[in-house]
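Per-entry structural report
In case you want the letters, here they are:
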Amino acid sequence: MTKPKGYVIYDGPSRLDEKPIIAILTLESKNVKTGNMAQLWIMARDKMPHIAKKNGNDSSVCGNCPIKEGCYVDLSKAPLSVWNSFHRGIYPAIQWGKTDLSQYFIRYGAYGDGAALPLWIISALARNARDFTGYTHQWKRFKSMNKFFMASVESEKLAIQAQSRGFRTFRVRQPGAELLPGEIEC
């Protein structure tokens, strides 16, 4: 039997707006920035990712992200390929307790915000993976994400607010600006 290239982790309503989303975990990556981590793709179920963004129907997976208009993810490439593969049925549903993810480092949100997923999905992936990384712009709404994600922020003021809620922070830093304690640079 051929090893799957990924798994359907979730197919249901978004926690952000109740619209249908999917979460696909692909097991290999050629991303030079992150290395070969398993990648979690969170997308609108019934709309191609680049069309959902173009029509403003990406709040189910991006929430209120302030940088979604300038997002660096090219939705017509890897996200569209994963979305099309899901719709062709190449990814089996994960079988919790049977699918071994213990060798994988997981990147939550190769596209999409992990906060769109039910907390039990986020927790199950974290428990079953070797390790994980991720960040969220939904840190004001979902404090419980501080166990799993860093808060993605755009200013020192927001970083301080997020840190007061128990988040480590990840922000775009202006040239010459200092990092705050517990913060990494975006």
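The structure we're discussing is the one just above.
Residues numbered from 1 in each chain as written. Predicted model: local features only at pLDDT ≥ 70, side-chain atom pairs only at ≥ 80, totals over all residues. Heavy atoms only, no water.

Relative to the assigned elements, F105 resides in strand β4 (residues 105–111). In this structure the C-alpha to C-alpha distance between F105 and M37, which are 68 residues apart in sequence, comes to 5.2 Å. Residue contacts for F105: discarding those within four places in its chain leaves M37, A38, R130 and D131. (Helix = DSSP H or I, 4+ residues; strand = E, 2+ residues; numbered from the N terminus. Contact = heavy atoms within 4.5 Å.)

To continue, consider unusual backbone geometry. If you check the backbone angles, E18 has positive phi at about 70 degrees while not being a glycine. The residue E18 is located in the loop between β1 (6–13) and β2 (20–26) in this model.

Bringing the packing of aromatic side chains into the picture now. Under the counting rule described, the total for this entry stands at five aromatic pairs. Residues F132 and F148 carry aromatic rings whose centres are separated by 6.3 Å and whose planes lie at 40 degrees to one another, so their mutual orientation is tilted. In this pair, F132 is assigned in strand β5 (residues 131–133) and F148 in the loop between β6 (135–136) and β7 (150–153), connecting sequence segments 16 residues apart. Looking at F148, the relative accessible area reads 15%, which means it is buried. Aromatic pair Y135 and F170: ring centres 5.1 Å apart, planes at 15 degrees, arrangement stacked. Within this pair, whereas Y135 is found in strand β6, its partner F170 is found in strand β8 (residues 169–171), the two being separated by 35 residues in sequence. Three or more aromatic residues link up through ring pairs in this structure, and these residues are Y108, F132, F148 and F149. Note that R15 overlies the ring of F142, its terminal NZ or CZ placed 4.0 Å from the centroid. (Phe/Tyr/Trp six-rings, centres within 6.5 Å; stacked < 30°, edge-to-face > 60°. Buried < 20%, exposed > 50% of the residue type's maximum accessible area, 1.4 Å probe, protein only. Lys NZ or Arg CZ within 6 Å of the ring centre and 35° of its normal.)

Quick look at the nonpolar core now. If you look at the biggest cluster of nonpolar residues, it comprises 51 residues, and the most contacted ones within it are I9, L25, L40 and L117. What L117 contacts, discounting residues up to four positions off in sequence, is Y10, R15, I21, A23, L40, I42 and I122. (Core = buried A, V, L, I, M, F, W, Y, C linked by side-chain atoms within 4.5 Å.)

Burial analysis of β1 places six of its eight residues in the buried class, the great majority of the element. Of the strand pairs in this sheet, β1 and β2 are connected by seven bridges, and their pairing is antiparallel. Within the sheet, the bridge partner assigned to P13 lies in β2 and is P20. Hairpin connection from β1 to β2: six residues lie between these consecutive antiparallel strands, with E18 at a positive phi of about 70 degrees. (Pairing = 2+ DSSP bridges.)

What the five strands build is an open sheet, ordered β1-β2-β3-β4-β5; its pairing is mixed. The open sheet terminates on both sides in strands that have one partner only, identified here as β1 and β5. Each neighbouring strand pair of the sheet contributes to a mean axis angle of 20 degrees, computed without reference to strand direction. Where strand β3 (residues 38–44) lies against β4, three bridges are found, and the strand directions are parallel. Residue pairing in the sheet places Q39 in a bridge with R107 of β4. Relative to the sheet, helix α4 (residues 119–128) contacts β1, β2, β3, β4 and β5, its axis offset from that of β4 by approximately 145 degrees. (Axes fitted to C-alpha atoms, helices over the stretch in contact; angles between N-to-C directions.)

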